[in-house]
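# Residue-level structure breakdown
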Amino acid sequence: MNGLSSCDDAVERLAAVLSGVLSTGSSGLSDREAPRQARRGATAILPAVQAMHRIQDRLRDCRGETAWEGLVHRRCRMSSSPTGGAAAPRPAAAEGVSIRQVERAGWELIHATVEAPVEGQYWRVTHELARRTSPPGPGAVENGKLMALGTGFDTPSGCVFYRLTDFDVGSWAQASGDRNPIHLLPGRAAEAGLSVGPGQVVAHGLLLGAISLALVQPSPSRQNGLVFISSADVPASECGAEESWATLAVDPVSGDIAQGRRPVLRRQ
C-alpha cells in the first residue's frame, strides 16, 4: 500500500474505485450521489485496509514474499474509540499487531488483530483469513460456503444490482495494496482451492465490504462486522472480446451482498 500514508489520499484512491462500481447501480444514482457514497464507503473501510497492509508486512517478514498468496478473507471486525480516551485499547503485541495461526481440516487459519490510530480514532481491527493446505476430501464444503449454489437462498426483494469487472478488482488491488494473485490472475483462485472457474478472479473481501458500507451506513456503535460467506467470482476480460462482469445484489436495508442465488457477504 505504498503511497497510502496520507489518510486523505488513501480515501480518495479507494473512493475512485468505488464510485465506478456504484455508478452502475440499477437504482440510478445521480452524478453527485455516487461519489458521496463512495467516499463514505472508502472512509469506513480504511481502518481495515490499513490493518491488512500491516498484517501483510508481518507475514512477509516472517515467511517471505509469497506468504500472502492464496489467502482467503473469512471475516473482518472493526471497533473504535476516541484517540487518547480512557477506552483506547493497548497494543496487542509488538507494533500493535498480533497474529495466531493454526492448521485445521486441510486449511491454514490466521487470526490477526491490529490496533492503531486512524483519522482521530483508535481502531481495533481483526481479520480472519484462511488458505487451503491440502486437497478437499469427498463431500467437503468448499471455501466455507454455507449452502449449495441455488439451494435455500433467494435474493431479497428490493435489492439494488451493481456490475463488478476484473478492471474494478485490479483497480482496488492497486489502491489498497492487496495484490494477492487470486484477485488478479485468472486460474489462481481455482488453484488455491476455491470453487471458481479457470477464467475467473475473485473480488477482494474489503472491496465488497466497502460497497456495502457505502450503501448502508456503518453502525453508530462504532462496531462493524463483515462475514465473507463465499467468494464473489468475476470473469476475466479477454483481449478483443466484449466486456464481461459479475452482478452483485445489495440489500439496501442490511447491506448484505449476494451473487446470483449465493450469499457472499453478511453484515454484523
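The structure under discussion appears in the preceding block.
Starting from 1, residues in each chain are numbered consecutively following that chain's sequence as written. Local features are withheld for residues below a pLDDT of 70 in this predicted model, meaning they are given only at 70 or higher, and side-chain atom pairs are given and counted only at 80 or more; totals for whole chains, interfaces and linings count all residues. Remark: hydrogens and water are excluded; side-chain values derive from all non-hydrogen atoms of the structure.

### Examining the overall build of the protein chain
Quick reminder of the rule: Strands are runs of DSSP state E lasting at least 2 residues, helices are runs of H or I lasting at least 4, and numbering of each runs from the N terminus. Classification of residues uses two cut-offs on accessible area relative to the type maximum, computed with a 1.4 Å probe and protein chains only: under 20% is buried, over 50% is exposed, and between them is partly exposed. Every residue pair with non-hydrogen atoms within 4.5 Å of one another is taken to be in contact. In this description, accessible areas are obtained by the Shrake-Rupley approach with a 1.4 Å probe, and a residue is regarded as covered only by the protein chains that are shown.
Across its full length, the protein chain holds 6 helices and 11 strands. With 268 residues in all, the protein chain has 50% of them scored as buried. Put simply, 72% of the contacts in the protein chain that link residues at least 6 apart link residues at least 24 apart. For the protein chain, the exposed surface amounts to about 12500 Å²; the carbon and sulfur share of it is 51%.

### Concerning the nonpolar core
Test applied: In this description, a nonpolar core means a group of buried Ala, Val, Leu, Ile, Met, Phe, Trp, Tyr and Cys residues linked to one another through side-chain atoms lying within 4.5 Å.
By size, the foremost hydrophobic cluster in this structure holds 61 residues, and its most contacted members are I45, L164, W172, L208 and I211. With 12 residues, helix 2 (residues 33-63) is the single largest residue contributor to this core. Not counting residues up to four positions away in its chain, the partners in contact with L164 are V21, V169, A203, L207, L208, V234, W245, A246 and L248. In terms of nonpolar packing, the next biggest core, distinct from the first, is built from 7 residues, V72, A189, A192 and V202 among them.

### Quick word on the side chain of D168
Definition in use: Counted as positive: Lys and Arg. Counted as negative: Asp and Glu. His and the chain ends are not counted at all. Just to be clear on terms, a salt bridge is a Lys or Arg side-chain nitrogen sitting within 4 Å of an Asp or Glu carboxyl oxygen.
With respect to the helices and strands, the residue D168 is situated in helix 3 (residues 166-176). Of the side chains bearing the opposite charge, R163 lies closest to the buried D168, which forms no salt bridge; the N-O distance is 9.4 Å. Dropping the residues within four chain positions of it, D168 is found in contact with V17, V21, R163 and L207.

### Quick word on the layout of surface pockets
Rolled over the atoms, a probe with the dimensions of a water molecule shows which regions are left empty. Worth spelling out the cut-off: Here a cavity is any set of points on a 1 Å grid over the protein atoms alone where a 1.4 Å probe fits but cannot get out, and a pocket is any open set with protein on both sides within 12 Å along at least 5 of 7 lines; a residue lines the site when it has an atom within 4 Å of a point. Grid points are joined across faces, edges and corners, and a volume is the space filled by probe spheres set on the points. Each residue is assigned to one of three groups, with Ala, Val, Leu, Ile, Met, Phe, Trp, Tyr, Cys and Pro labelled nonpolar, Asp, Glu, Lys and Arg labelled charged, and all others, Gly among them, labelled polar.
In this structure, the second largest pocket occupies an estimated 270 Å³ of space. Around the second largest pocket sit 16 residues that line it, and T43, A44, W123, P218 and N224 are the ones nearest its centre. Broken down by secondary-structure element, the contributors of at least two residues to the lining of the second largest pocket are helix 2, strand 1 (72-82) and strand 4 (121-132). Here the lining of the second largest pocket is composed, by residue class, of 8 nonpolar, 5 polar and 3 charged.

### Digging into the packing of aromatic side chains
Counted only if it meets this: Two aromatic rings from Phe, Tyr or Trp, using only the six-membered ring of Trp, form a pair when their centres are within 6.5 Å; if the ring planes differ by under 30 degrees the pair is stacked, by over 60 it is edge-to-face, and anything between is tilted. By definition here, charges over rings are those cases where NZ of Lys or CZ of Arg is within 6 Å of the ring centre and within 35 degrees of the ring normal.
Under the criterion given, the structure shown has 0 aromatic pairs. One cation-aromatic arrangement involves R163 over W245; the distance from NZ or CZ to the ring centre is 3.8 Å.

### A word on the packing of helix 3 against helix 6 (residues 205-215)
Two numbers describe a pair of packed helices, the interaxial angle and the distance between the axes. The condition that has to hold: Note on method: axes are straight lines fitted to C-alpha atoms, helices fitted across the in-contact stretch only, with angles between N-to-C directions ranging 0 to 180 degrees. Orientation categories follow fixed angle ranges, with anything under 35 degrees roughly parallel, anything over 145 roughly antiparallel, 65 to 115 roughly perpendicular, and all other angles oblique.
At their nearest, the axes of helix 3 and helix 6 sit 10 Å apart, and the two run at 100° to each other. The angle between helix 3 and helix 6 places the two elements in the roughly perpendicular class. Judged by residue contacts, D168, V169 and W172 of helix 3 engage L206, L207 and A210 from helix 6.

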